[in-house]
Amino acid sequence: MIPVLVTGAGGFIGHHLVKYLVGRGYWVRGADLKLPEYEPTAAHEFLQCDLRLHDACQRASQGMEQVYHLAADMGGIGFISGSHAEITLNNTLISAHMAKAAADNRVKRFLFSSSACVYPMHLQTSPDVTPLSEDVAWPAQPEEGYGLEKIYMEKLCQYMTEDWGLSTRVVRFHNVYGPLGTYDGGREKAPAAICRKVALCPENGTIEVWGDGLQTRSFMYIDDCVEGLYRLMQSDYTAPLNLGTDEMISINDLVDVAAAVAGKRIAKRHDVSKPQGVRGRNSDNALIRQVLGWEPATLIRTGLEPTYRWIEAELAAGRGGRLPDAAE
Ligand code: NAD
Ligand code: GDD
């Protein structure tokens, strides 16, 4: 069995990835500050540890052939725009120590999870945004804090490959959603937040939507995300690669899709004082099609159905108490 480390294995993507890799016959060690919140881990071994510390990174990567590095202080736009100092510092410590430990322990492949937040802000000022291709990331103007650390780490991976021969992979995720993703407490992203608000809203009620709702995004379903991670790790491609869908949708339309899944009539109250991030964002998938011969294909209408049902069931079971901003 090939030994693999998944950092951030207590989180949304990491937990799904652990299940996927175990299903494929890998021996998986998970590492995280916390265990997965919503169901037990499938990992063969789970280290509960603080990966900001170099020793913990050394222990976690010892004996591993591959590292999927997903651990980060992370959340939706409300969270990542809330504390630039803490997020930047935490993620810098986690990622730099993890990459160095992977190099010291001579792992064969190290995958870093970057983000669409590396793309220049000035290219994302219109809802009708030109899809972002990998080559436009430089000259850089990433999102403050969180995006800055991601683009710095992309470069560090490149340098470690060039100077030390560490074989790296870099994935730029576009907004990922699905069952078992955070839906309350302040770190939730738009798909889960909107599903939660719709689920809590009575028929003909009103929910709060951040911004005017005309801002656009593309959203990737979790099954596509783990499949893409695995395919990229198997490939020989070492430069940053988008992993997202190119199905762009406005936030207003996202709310309408969630309402349709719920079978409810729902009105929107827009709050432009809330965090909104970039005005428009979409993935250009030409390169991933060329490199992997594959791209994420789950449509938002398809992926939001199981996501909504899971969040609805969570709320019906009395969980989901952390509601800074529920339905109105
Ligand atoms: P998540 O918050 O669910 O998971 C991240 C995990 O990292 C959490 O379980 C957290 O406890 C852990 N972590 C944080 N600090 C730690 C520390 N000091 N030591 C050990 N573990 C620590 O987030 P996710 O959605 O699963 O994201 C996974 C990765 O993908 C992150 O690197 C994130 O930046 C990146 N990403 C995600 C998205 C998305 O839409 N989900 C988009 C772009 C990039
Ligand atoms: N979170 C949230 N909650 N967003 C809402 C809500 C709500 O109730 N209502 C409307 N929105 C709007 C936000 O104002 C924003 O314009 C859009 O939905 C998307 O918000 P998020 O999903 O929170 O974040 P993002 O797409 O700006 O950035 C996320 O994706 C990046 C990768 O593409 C973040 O998770 C980043 O950390 C990530 O790197």
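Preceding block: the structure.
The structure contained in this document is the topic of the report that follows. (Residues numbered from 1 in each chain as written. Chains lettered and ligands numbered in written order. Predicted model: local features only at pLDDT ≥ 70, side-chain atom pairs only at ≥ 80, totals over all residues. Heavy atoms only, no water.)

## Observations concerning the pairing of strand β4 (residues 66-69)
Then, number 1: Burial of β4 is two-sided: the residues Gln66 and Tyr68 facing one way and the residues Val67 and His69 facing the other way are all buried.
Then, number 2: Pairing geometry for strand β1 (residues 3-7) and β4, over 4 bridges, is parallel. The residue of β4 that forms the bridge with Leu5 is Val67.
Then, number 3: Both β4 and strand β5 (residues 109-115) contribute to a ladder of 4 bridges, which runs parallel. (Buried < 20%, exposed > 50% of the residue type's maximum accessible area, 1.4 Å probe, protein only. Helix = DSSP H or I, 4+ residues; strand = E, 2+ residues; numbered from the N terminus. Pairing = 2+ DSSP bridges.)

## Structural notes on the site of ligand 2
Then, number 1: Taken together, 25 residues lie near ligand 2, and Ser115, Lys197, Arg217, Pro275 and Gln276 sit nearest.
Then, number 2: Between Tyr146 and ligand 2, the recorded distance is 3.4 Å, taken from a side-chain N or O atom to an oxygen atom.
Then, number 3: Relative to its unbound accessible area of 710 Å², ligand 2 is 98% covered by the protein chains.
Then, number 4: Put simply, the parts of the chain that give the shell around ligand 2 at least two residues each are α3 (77-80), α6 (190-200) and β8 (206-210).
Then, number 5: A per-element tally of the shell around ligand 2 places α6 first, with 3 residues.
Then, number 6: Residues of the shell around ligand 2, tallied by class, amount to 13 nonpolar, 7 polar and 5 charged.
Then, number 7: In terms of domain composition, the shell around ligand 2 takes at least three residues from each of domain 1 (3-174 + 222-243) and domain 2 (176-218 + 247-283 + 299-316). (Near = heavy atom within 4 Å. Polar contact = N/O pair within 3.5 Å; in protein donor to acceptor, adjacent residues only side chain to side chain. Areas by Shrake-Rupley, 256 points an atom, 1.4 Å probe, with all protein chains shown as cover. Nonpolar A, V, L, I, M, F, W, Y, C, P; charged D, E, K, R; others polar. Domains from an automatic or database assignment.)

## Examining unusual backbone geometry
Then, number 1: With an omega dihedral of 0°, the bond running from Trp138 to Pro139 counts as a cis peptide bond.
Then, number 2: Here Pro139 lies in the loop between β5 and α5 (146-164).
Then, number 3: One non-glycine residue, Arg106, lies in positive phi territory at about 55°.
Then, number 4: Its location among the elements puts Arg106 in the loop between α4 (84-104) and β5.
Then, number 5: Its relative accessible area of 71% is what places Arg106 among the exposed residues.

## Observations regarding the pattern of salt bridges
Then, number 1: Tallying each qualifying case throughout the model produces 24 salt bridges.
Then, number 2: Two residues, Lys34 and Glu37, come together in a salt bridge whose shortest N-O distance is 3.7 Å.
Then, number 3: A salt bridge links Asp246 to Arg289; its shortest N-O distance comes to 3.8 Å. Pair noted here: Asp246 is in the loop between β11 (240-243) and β12 (248-250) and Arg289 is in helix α9 (residues 286-292), with a separation of 43 residues, a long-range link.
Then, number 4: Residue Asp246 is classed as partly exposed on the basis of its relative accessible area of 38%.
Then, number 5: Its relative accessible area of 39% is what places Arg289 among the partly exposed residues.
Then, number 6: A single network of salt bridges, built from pairs that share partners, joins Glu208, Arg269, Asp271 and Lys274. (Salt bridge = Lys/Arg side-chain N within 4 Å of Asp/Glu carboxyl O.)

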